Amino acid sequence: MRHSRAKGEPRFPDGPKADPAGSHFERRIRSFQPRRSRVTAGQADALQRLWSRWGLDIDGHHVDLAELFGNDRPVVLEIGFGMGEATAQMAAADPGTNILAVDVHTPGQGNLLNLADHNGLTNVRVANGDAIILLREMLAADALDGLRVYFPDPWPKKRHHKRRLIQPEFLDLAATRLRPGAIVHCATDWEPYAEQMLEVLTAHPRFENTRADGGFAPRPGFRPLTRFEGQGLDKGHVVNDLLFRRVPHGDR
């Protein structure tokens, strides 16, 4: 029999909170919109069973990454992981790197937890909420060894461009949490957004292009070709990767 939740009752009592940073309300343009699509039985089970061990609600409280992962291995932050298939593949291929994967899509959170559990991936943690609050309030300086932003919402209408994640202000913040030498890796199949990303990253004094020609990079072998990306390529979309290095203080 299907359980009918009372008003105010949490969707997953032992899972991610619906609004973990509610006390941090602020008038700020956000680059994401929460999606409350249907959660499968397997995803719901993973959220209930695994959130207390492998989940993190972005609530503004400081987080110790070594404590979160149970080791002091390098940590890469991934913002926006969809259903988590690519994240799980990268975690399996590189067990020596911890991945902190952030999204607001509940089915995707459950799916990634399920994939991690099924494949024995202990180097994945799933964070729920606003990545800006995570970076600004919860992580220490130079805490991250990499940042991945794959196929973010392109907000294609001109009046919505201000909602795009890759902006100078975001890079200012990210630079404070990335150690010198850390790689920022972005990928998009929306060419106008790719051009904006390249322009903004190139202009930022804390990052340098890993490409000597100053352009886009070939897709590196560690980034899996996802089903979504394959469908786009079949339709003639052009996918661009950007790999920029965080430069030490005082350089450039």
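My aim in this report is to walk through the structure given alongside it, one point at a time. Computed from a predicted model, the values in this text were never measured in an experiment.

## Details of the overall build of the protein
Okay, step 1: The helix and strand tally for the protein stands at 8 helices and 8 strands.
Okay, step 2: Residues counted as buried form 49% of the 252 residues belonging to the protein.
Okay, step 3: Of the contacts formed within the protein by residues at least 6 apart in sequence, a portion of 81% connects residues at least 24 apart.
Okay, step 4: Here the protein has roughly 12,900 Å² of accessible surface; of this, 52% comes from carbon and sulfur atoms.

## Structural notes on the sheet that holds strand S7 (residues 207-209)
Okay, step 1: Ordered in space as S1-S4-S3-S2-S5-S6-S8-S7, the 8 strands form an open sheet in which the pairing is mixed. Either end of the sheet is taken by a strand with one partner, and the two such strands are strand S1 (55-57) and S7. Averaged over all neighbouring strand pairs, the angle between strand axes comes to 25°, with direction disregarded.
Okay, step 2: Across 6 bridges, the pairing between strand S5 (residues 144-150) and strand S6 (residues 178-188) is parallel.

## Topic: the pairing of strand S3 (residues 98-103)
Okay, step 1: Counting buried residues in S3 gives 6 out of 6 residues, a clear majority hidden from the surface.
Okay, step 2: With burial as the criterion, each face of S3 is covered, one bearing Asn98, Leu100 and Val102 and the other bearing Ile99, Ala101 and Asp103.
Okay, step 3: Bridge count for strand S2 (residues 75-79) against S3 is 5 bridges, and the pairing is parallel. In the strand pairing of S3, Glu78 is matched with Ala101.
Okay, step 4: Note that the unit made of S2, helix H3 (residues 85-93) and S3 has a crossover that is right-handed.
Okay, step 5: Where S3 and strand S4 (residues 124-128) come together, 5 bridges link them in parallel fashion. Counted as the bridge partner of Asp103 is Asn128 from S4.
Okay, step 6: Handedness of the crossover is the feature at issue here: the chain leaves S3, passes through helix H4 (residues 106-118), returns alongside S4, and the resulting connection is right-handed.

## Describing H4
Okay, step 1: Along its 13 residues, H4 runs 18 Å from first to last C-alpha, staying within 8% of the 18 Å computed at 1.5 Å per residue.
Okay, step 2: Looking at H4, one finds that the buried residues are Thr106, Pro107, Gly108, Gln109, Gly110, Asn111, Leu112, Leu113 and Ala116.
Okay, step 3: Among the structural elements, helix H1 (41-54), H3, S3 and S4 are those in contact with the buried residues of H4.
Okay, step 4: Count one or two residues on from H4 and you reach Gly120, which has phi positive near 65°.

## Looking at the pairing of S2
Okay, step 1: Of all 5 residues in S2, 5 are buried; the element is thus mostly enclosed.
Okay, step 2: Both faces of S2 are covered, namely the face carrying Val75, Leu77 and Ile79 and the face carrying Val76 and Glu78.
Okay, step 3: The sheet contact formed by S2 and S5 spans 3 bridges and is parallel. Along S5, the bridge assignment pairs Val76 with Gly146.

Reading the values: the criteria
Along every chain, residues carry numbers that run from 1 in the direction the sequence is written. For this predicted model, a pLDDT threshold of at least 70 governs which residues receive local features, and a threshold of 80 or more governs which side-chain atom pairs are given and counted, while totals over whole chains, interfaces and linings are taken from all residues. Working from all heavy atoms in the structure, the side-chain values ignore hydrogens and water. Per the convention used, a helix needs a DSSP run of H or I reaching at least four residues, while a strand needs a run of E reaching at least two, with both numbered from the N terminus. Here's how the labels work: a residue is buried when its accessible area is under 20% of the maximum for its type, exposed when over 50%, partly exposed in between, all with a 1.4 Å probe on protein chains only. Two residues qualify as a contact provided that any one of their heavy atoms is within 4.5 Å of a heavy atom in the partner residue. A 1.4 Å probe and the Shrake-Rupley method give the accessible areas. Residues count as covered only by the protein chains that appear here. Should DSSP find at least two bridges between two strands, the strands are taken to pair. In this analysis an axis means a line fitted to C-alpha atoms, helices contributing only their contacting stretch, and an angle means the value between N-to-C directions, from 0 to 180 degrees. We call a crossover right-handed when, viewed with the strands running away from us, the connection from the first strand over the helix to the second turns clockwise. Expected helix span is given by 1.5 Å per residue-to-residue step, counting one fewer step than there are residues.

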